[in-house]
Structures are given as C-alpha cells and as structure tokens.
Amino acid sequence: MDKFLIVGLGNIGDEYAMTRHNTGFMVLDAFAKASNIVFEDKRYGFVAETSLKGRKVILLKPSTFMNLSGNAVRYWLNKESIDQQRLLVVSDDVALPLGAFRLKANGSNGGHNGLGHIQQLIGQNYARLRMGIGNDYPQGGQIDWVLGRYSEEEMKLLQPRIDLAVDVIKSFVLAGIDITMNQYNKLGKWKPE
C-alpha cells in the first residue's frame, strides 16, 4: 500500500492555539475533522491515520516545537518507510498575503525555522504547501506577528482557504505533486477584498 506523510507545522500548547504560526496544525485539524479521524499522542507528535482510495495517509503534528520539526519528520518517514516524494509539509508563510497559498515540489526554507530544521535533516527535496499569513507588522515585529492569534475577521477569510488546502492534500495523495500544482497554484494566488 502506498503511504503518505502529511505534516502540519506549529507549536504544541494552548498558548499557541489559533496563532498564525500554527496554520499548518489548523489545516491538518480540518483534514482530520473532514475525515472523521482523531489525533493520538505518539512519539514526536500527534498522529492520525486514514486512507484515500487505498492509499494510507498519516497526518503528523510534531510535538517537538517548530525549530526542531525535522526530528519528528525524519522519525515518521523512517518508522513508516515512506519515500520522501510522498511527504508534504504544510507551513505558514509571511511572504504570502493572508489566505494565499503556494504548493512547491521542493526548494529553500524561505527563512522558516520549521522548514529549515527539516531541510537540515532530510534535505530540501520534499513538497511543501505554504499558507500565507500576511506581513502587516512593524519592523522588528515579526515574532509577535507570527505568534499572534488570528482575529475573527481573519478567520472568516482564512477558513475557506484552509478547506481548500485540505483538497490540495487529497489531490497530492491521489494525483501527485505536478498535477496538483497545475490545478491549485492558480487558486492560491488570492487577494482578499
């Protein structure tokens, strides 16, 4: 059976819930809810499993804190013998406007600590879905911004985009990275009114 590892990046703990830096967790929570599955506390993270048309999908929310995310990713890839081509990492991105997203087959970490640590441990040849959180902060305010909570207004904009990200993940599993990029990246170039 083909196996896929879908990783959402974030920080564990109530103080980080609904923060911009936890957008990856929010996408995986939406996927789990839509699939009627629940996360269990396991080694290096919270894990949920489902299958899509005969393919096993393992969702992982690392419990290692953002800047050590690579430990969890490497462990679960090895434990489940999953090929890196079947890994998709969902992260927040300040370089994209709120609600925009971009799917890439590989590339740099774009200054993201979680992606940076994954890259240190397994290289940069893995797919990533970057979810825009905007960058409406003063100089020097990036940390407060990414660790800040979404407002209700922002969530109204973001929720349909999170739901779309769930579709992107399903397409990645069923159709592969190239078809999914062709189909969804044009939808990702999105500017809220």
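Residues numbered from 1 in each chain as written. Predicted model: local features only at pLDDT ≥ 70, side-chain atom pairs only at ≥ 80, totals over all residues. Heavy atoms only, no water.

Peer 1: Looking at this structure, how should I read the nonpolar core?
Peer 2: Within soluble globular proteins, side chains that are nonpolar generally end up buried alongside one another. Ranked by size, the top nonpolar core spans 38 residues in total, and within it Ile6, Leu59, Leu88, Leu129 and Phe172 carry the most contacts. Of all the elements, helix 5 (residues 152-175) adds the most residues to this core, at ten residues. When residues no more than four places from it in sequence are discounted, the contact partners of leucine 88 are Leu5, Ile6, Val7, Leu103, Ala127, Arg128, Leu129, Ile169 and Phe172. Listed in part, the 18 residues of the second largest apolar core include Ala72, Leu77, Val89 and Leu115. (Core = buried A, V, L, I, M, F, W, Y, C linked by side-chain atoms within 4.5 Å. Buried < 20%, exposed > 50% of the residue type's maximum accessible area, 1.4 Å probe, protein only. Helix = DSSP H or I, 4+ residues; strand = E, 2+ residues; numbered from the N terminus. Contact = heavy atoms within 4.5 Å.)

Peer 1: What am I meant to see in the pairing of strand 4 (residues 55-62) here?
Peer 2: If a strand is regular, its side chains alternate between the two faces of the sheet. For strand 4, a buried count of seven out of eight residues is recorded, marking the element as mostly surrounded by other parts of the structure. Of the strand pairs in this sheet, strand 1 (residues 3-8) and strand 4 are connected by five bridges, and their pairing is parallel. Bridge assignment links leucine 5 to a residue of strand 4, and that residue is isoleucine 58. In terms of strand pairing, strand 3 (residues 45-52) meets strand 4 through eight bridges, oriented antiparallel. Looking at strand 4, one finds that serine 51 is bridged to lysine 56. The hairpin formed by strand 3 and strand 4 contains two residues between the paired strands, and lysine 53 there has a positive phi angle of roughly 45°. (Pairing = 2+ DSSP bridges.)

Peer 1: Would you mind going over the packing of aromatic side chains with me for this structure?
Peer 2: How two aromatic rings sit relative to each other is set out by the distance from centre to centre and by the angle between their planes. The final tally for this structure, using the stated rule, is five aromatic pairs. Taking the centre distance of 6.1 Å and the plane angle of 80° together, the rings of tyrosine 16 and phenylalanine 65 count as edge-to-face. Here tyrosine 16, found in the loop between strand 1 and helix 1 (23-35), pairs with phenylalanine 65, found in the loop between strand 4 and helix 2 (69-79); they are 49 residues apart in sequence, far enough to count as distant. Among the aromatic residues, those joined into a cluster by ring pairs are Tyr44, Tyr75 and Trp76. For arginine 20, the ring lying beneath its charged end belongs to tryptophan 145, and the centroid distance is 3.6 Å. The ring of tyrosine 126 has arginine 128 lying over it, and the distance from NZ or CZ to the ring centre is 4.1 Å. (Phe/Tyr/Trp six-rings, centres within 6.5 Å; stacked < 30°, edge-to-face > 60°. Lys NZ or Arg CZ within 6 Å of the ring centre and 35° of its normal.)

Peer 1: Even after reading the chapter, I still don't get the pattern of salt bridges, so can you show me in this structure?
Peer 2: Side chains that differ in sign of charge can pair as their charged atoms come close. The tally for this structure, following the rule as stated, stands at nine salt bridges. One salt bridge in this structure joins aspartate 29 and lysine 61, with 2.6 Å as the shortest N-O distance. Of this pair, aspartate 29 sits in helix 1 while lysine 61 sits in strand 4, and the two are 32 residues apart along the sequence. A salt bridge links lysine 56 to glutamate 49, with the shortest nitrogen-to-oxygen separation between them at 3.4 Å. Judged by its relative accessible area of 34%, glutamate 49 is partly exposed. Salt bridges sharing partners connect three or more residues here, namely Lys3, Glu49, Lys56, Lys79 and Glu80. (Salt bridge = Lys/Arg side-chain N within 4 Å of Asp/Glu carboxyl O.)

Any functional reading would require information beyond the geometric quantities listed.
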